[in-house]
Amino acid sequence: MRPQYTNSTVAILRVALALILAVTVAPAILAQDSVIVINPDAPTVTPSVGRTLPAEVLDEAVQRFNDTTTIRFVNDIDIPAG
């Protein structure tokens, strides 16, 4: 036999459920906010004189970074010599 709920009991349960969802979901939604703001109108940063890489070295570094066989690690890793 199913229990019979009054309209006021159903309303209270709905409010309680809404409050529980608001309390549990709100922090996850707020966590999506980012503090990084990119200003497209900001002036570009020019490297200081004498601290730039030669064009050949820079090209090779970019090619190796973008190569499809490049392996990237999330954390620090020590690779033994040899």
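What counts as what
- Residues numbered from 1 in each chain as written.
- Predicted model: local features only at pLDDT ≥ 70, side-chain atom pairs only at ≥ 80, totals over all residues.
- Heavy atoms only, no water.
- Helix = DSSP H or I, 4+ residues; strand = E, 2+ residues; numbered from the N terminus.
- Buried < 20%, exposed > 50% of the residue type's maximum accessible area, 1.4 Å probe, protein only.
- Areas by Shrake-Rupley, 256 points an atom, 1.4 Å probe, with all protein chains shown as cover.
- Salt bridge = Lys/Arg side-chain N within 4 Å of Asp/Glu carboxyl O.
- Patch = residues over 30% accessible without salt bridge, like charges linked within 9 Å, V, L, I, M, F, W, Y side chains within 5 Å.
- Phe/Tyr/Trp six-rings, centres within 6.5 Å; stacked < 30°, edge-to-face > 60°.
- Lys NZ or Arg CZ within 6 Å of the ring centre and 35° of its normal.

Undergrad: Can you walk me through the overall build of the protein chain in this structure?
TA: For the protein chain, the helix and strand inventory stands at two helices and zero strands. Buried positions account for 0% of the 82 residues belonging to the protein chain. Here the protein chain has roughly 8600 Å² of accessible surface; of this, 63% comes from carbon and sulfur atoms.

Undergrad: Would you mind going over the pattern of salt bridges with me for this structure?
TA: When their charged atoms lie close together, side chains carrying opposite charge are able to pair. Inspection of every chain in the model, using the stated rule, returns one salt bridge. Between Glu 60 and Arg 64 there is a salt bridge; the shortest N-O distance is 2.8 Å. You can see Glu 60 and its partner Arg 64 sitting in helix α2 (residues 55-66), four residues apart, about one turn around the helix. Overall, Arg 64 belongs to the exposed group, its relative accessible area being 57%.

Undergrad: Is there a simple way to explain a nonpolar patch on the surface in this structure?
TA: Side chains of Leu 17, Leu 21, Val 25 and Ile 29 sit close together on the surface and give an oily, nonpolar patch of about 370 Å² of accessible area. Residue placement: Ile 29 occurs in helix α1 (residues 7-30).

Undergrad: Any chance you could explain the packing of aromatic side chains here in plain terms?
TA: For any pair of aromatic rings, geometry is given as the distance between the ring centres together with the angle between the planes. Scanning all chains against the criterion turns up zero aromatic pairs. Taking the ring centre of Phe 65 as reference, the NZ or CZ of Arg 72 above it sits at 4.2 Å.

By themselves, these observations are geometric and do not establish any function.
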